[in-house]
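# Tertiary structure, described
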Amino acid sequence: MLWRRPKEVVSDSLTSRRREPDGGTMVVPTMALVQQLLDEFGLRHSIDDDGDLVVRWEKCSVFFFFYGEKREILQARLYLNRRFDVDSRGALALLLDEWNRVKLFPKAYTVLPDDGRVGICAEQCFDFEAGATRGQVKYAVGLWVDTLLRFTDWVDEQV
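The sections below set out a description of the structure shown in this document. (Residues numbered from 1 in each chain as written. Predicted model: local features only at pLDDT ≥ 70, side-chain atom pairs only at ≥ 80, totals over all residues. Heavy atoms only, no water.)

### Side note on the overall build of the protein
A count of helices and strands for the protein gives 3 helices and 9 strands. Of the regular secondary structure in the protein, the N- to C-terminal order runs β-β-α-β-β-β-β-α-β-β-β-α. Among the 159 residues that make up the protein, the fraction classed as buried is 43%. Here the protein displays about 9,100 Å² of accessible surface, and carbon together with sulfur accounts for 51% of that area. (Helix = DSSP H or I, 4+ residues; strand = E, 2+ residues; numbered from the N terminus. Buried < 20%, exposed > 50% of the residue type's maximum accessible area, 1.4 Å probe, protein only. Areas by Shrake-Rupley, 256 points an atom, 1.4 Å probe, with all protein chains shown as cover.)

### Considerations on the environment of Ile 120
As for its position among the elements, Ile 120 is in strand E8 (residues 119–127). Residue classification places Ile 120 among the buried positions, given a relative accessible area of 1%. In this view, Ile 120 contacts Leu 78, Tyr 79, Leu 80, Phe 84, Leu 92, Leu 96, Tyr 109, Val 111, Phe 151 and Val 155; residues no more than four positions away in its chain are not counted. (Contact = heavy atoms within 4.5 Å.)

### Quick notes on the nonpolar core
Counting 39 residues, the largest nonpolar core has Phe 64 and Phe 151 as the members making the most contacts within it. At the level of secondary structure, the elements contributing two or more residues to this core comprise helix H1 (31–40), strand E4 (53–56), strand E5 (60–67), strand E6 (73–80), helix H2 (89–102), E8 and helix H3 (134–158). Element by element, the count of residues in this core is highest for H3, at 10 residues. Leave out the neighbours within four places in its chain, and Phe 64 touches Val 34, Leu 38, Leu 53, Val 55, Leu 74, Gln 75, Ala 76, Val 141 and Val 145. (Core = buried A, V, L, I, M, F, W, Y, C linked by side-chain atoms within 4.5 Å.)

### What to know about the packing of H1 against H3
It is the contact of H1 with H3, at a shortest axis distance of 10 Å, that shows an interaxial angle of 65 degrees. Crossing handedness for the pair H1 and H3: right-handed. Contact residues: Leu 33, Gln 36, Leu 37, Leu 38 and Glu 40 in H1; Arg 134, Val 137, Lys 138 and Val 141 in H3. (Axes fitted to C-alpha atoms, helices over the stretch in contact; angles between N-to-C directions. Left-handed = near helix turned anticlockwise from the far one by under 90°.)

Here it is, written out as structure tokens:
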């Protein structure tokens, strides 16, 4: 499934914190809010066995994690489905170093899952402790998904 630009934001009353000077309600992202945003983008999502929110594509999966004392830090982490031999980890790390040098985001790195083969991850993260408008959160999540999928295409072109 390809990501496409979102439809107009619908009003919502999730987790109000305070009003901005221009009248926008400040929110801290919640699982329910991110699920609503993914619905608005037309992205099919689910909750995995660990209770994490995930959107799956043919080549990758994007998980949404909440961290911090108040779960105010939102992270979108992409895992490529494709795995590589351990011997190629050094070359992959150099390739991802190049990505990290020339691109502002997402941050990319290798992982060594339990299956003993090298995986590639990329992630976007933001601390929403001070809050943001719903529109700002929607923009961030949409941008994250878009850039993570672009990263997936870039990896395919490189290896």
